[in-house]
Amino acid sequence: KLAGGYAKTSGNSDSSAANFSGEGRYDKERWHHILGATAVVASSAENRDSPTETTAESYWGGFKSQYDLAPAWYGFGSLDWYKDRFSAYDHQLYEAAGVGWRILRSEAHRLDLELGAGAKQAKQVSGDNQNEAIALLRGLYTWQISKNAAFVQKLAVLSGSDNTYTESVSQLKAGVIGNLSMVLGYTWKHNSDVEIDTSLVTPRPFEKTDTYTTVSLEYVF
């Protein structure tokens, strides 16, 4: 599936924002492979005479393989890469393996819970590196409200001794026509440990929490 959205203002103010997401899945017998990516970019000008500057730029790319151990249980291995130009971290890379439990499997409700452990390599804006072991908790809940509407909630907690990264993604999907849907999304990201932002006139710590709201069209092949 592929999704994208774009918004632009011009005239007395000048700003633009774009978001993209994609996911591919391959299933064969007990094996399930999932590849995904997202991007959010925004820019604006302080006034009509100012040049446009990028104000938000965030990316994620991930891959996960699952192997069914039983109808309700599976083992998994995952790789996740995060980059946010305006956060305290230049990038973060997580590798993890663990076990998943399909708690709910009904026509209306689906819930998966994953527990695992692994490693993290991260580079802070200052240039310092963080390499540590991490524990992982991840959940995926889907509520099929009707034939043409669904609510999806994703949660990931990747915790190490230096930093705990938490990300929540909420999506409300409504069918437009055929395989095309409109998606309203809200993403909340939090780092427990951040550096001092020395680029400011008065240096202070980076914000621990970032959020963004997106509206996009999604097509499922």
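Above this text sits the structure in question.
Residues numbered from 1 in each chain as written. Predicted model: local features only at pLDDT ≥ 70, side-chain atom pairs only at ≥ 80, totals over all residues. Heavy atoms only, no water.

Caption draft 1: How the structure looks around the overall build of the protein. On a plain count of helices and strands, the protein comes out with 0 helices and 14 strands. Listed by position from the N terminus, the elements making up the protein come as β-β-β-β-β-β-β-β-β-β-β-β-β-β. Whereas a compact globule of 221 residues would reach a radius of gyration of roughly 17 Å, the protein reaches 19 Å, a difference of no more than 12%. Projected onto its principal axes, the C-alpha coordinates of the protein cover approximately 60 × 45 × 25 Å. For the protein, with 221 residues in total, the buried portion stands at 35%. A sequence separation of at least 24 residues applies to 46% of the contacts in the protein between residues at least 6 apart. As presented, the protein carries roughly 12,900 Å² of accessible surface, and 58% of it is formed by carbon and sulfur atoms. Positive and negative charge centroids in the protein, built from 21 and 26 side chains respectively, lie 7 Å apart. (Helix = DSSP H or I, 4+ residues; strand = E, 2+ residues; numbered from the N terminus. Rg over C-alpha atoms; globule rule 2.2 N^0.38 Å. Buried < 20%, exposed > 50% of the residue type's maximum accessible area, 1.4 Å probe, protein only. Contact = heavy atoms within 4.5 Å. Areas by Shrake-Rupley, 256 points an atom, 1.4 Å probe, with all protein chains shown as cover. Lys, Arg positive; Asp, Glu negative; His and termini not counted. Charge placed at Lys NZ, Arg CZ, Asp CG, Glu CD.)

Caption draft 2: A look at the pattern of salt bridges. Tallied over the full model, the rule gives 12 salt bridges. Among the ionic pairs, Arg138 bridges to Glu114, the shortest N-O distance being 2.9 Å. With a gap of 24 residues between them, Arg138 in strand β8 (residues 129-146) and Glu114 in strand β7 (residues 109-124) connect regions that are remote in the sequence. Ionic pairing is found between Lys173 and Glu218, a salt bridge with its closest N-O pair at 3.3 Å. (Salt bridge = Lys/Arg side-chain N within 4 Å of Asp/Glu carboxyl O.)

Caption draft 3: Structural detail: the sheet that holds β7. The antiparallel closed barrel is built from 12 strands, whose spatial order is β1-β2-β3-β4-β5-β6-β7-β8-β9-β10-β11-β14. Here the average twist between neighbouring strands, direction ignored, is 20°. For strand β1 (residues 2-9) and strand β14 (residues 209-219), the ladder comprises 3 bridges, and the chain directions are antiparallel. Bridged to Ala3 within β14 is Glu218. (Pairing = 2+ DSSP bridges. Axes fitted to C-alpha atoms, helices over the stretch in contact; angles between N-to-C directions.)

Caption draft 4: Main features of a nonpolar patch on the surface. A cluster of nonpolar side chains, Leu69, Trp73, Val99, Trp101, Ile103, Leu104, Leu113, Leu115 and Leu137, forms an exposed patch at the surface whose accessible area comes to about 740 Å². When contributions to the nonpolar patch are tallied by element, the ones reaching two or more residues are β6 (89-105) and β7. With 4 residues, β6 is the single largest residue contributor to the nonpolar patch. Along the chain, Leu113 turns up in strand β7. Here Leu113 falls in the partly exposed class, since its relative accessible area comes to 31%. (Patch = residues over 30% accessible without salt bridge, like charges linked within 9 Å, V, L, I, M, F, W, Y side chains within 5 Å.)

Caption draft 5: Quick peek at the pairing of β7. Both β6 and β7 contribute to a ladder of 15 bridges, which runs antiparallel. The residue bridging Leu93 from the neighbouring strand is Gln121, located in β7. Counted along the chain from β6 to the antiparallel partner β7, the turn is 3 residues long. Note that β7 and β8 share 15 bridges and pair antiparallel. Its bridge partner lying in β8, His109 is registered against Trp143. Where β7 folds back onto β8 in an antiparallel hairpin, the turn is made up of 4 residues, including Gly127, whose phi is positive at roughly 105°.

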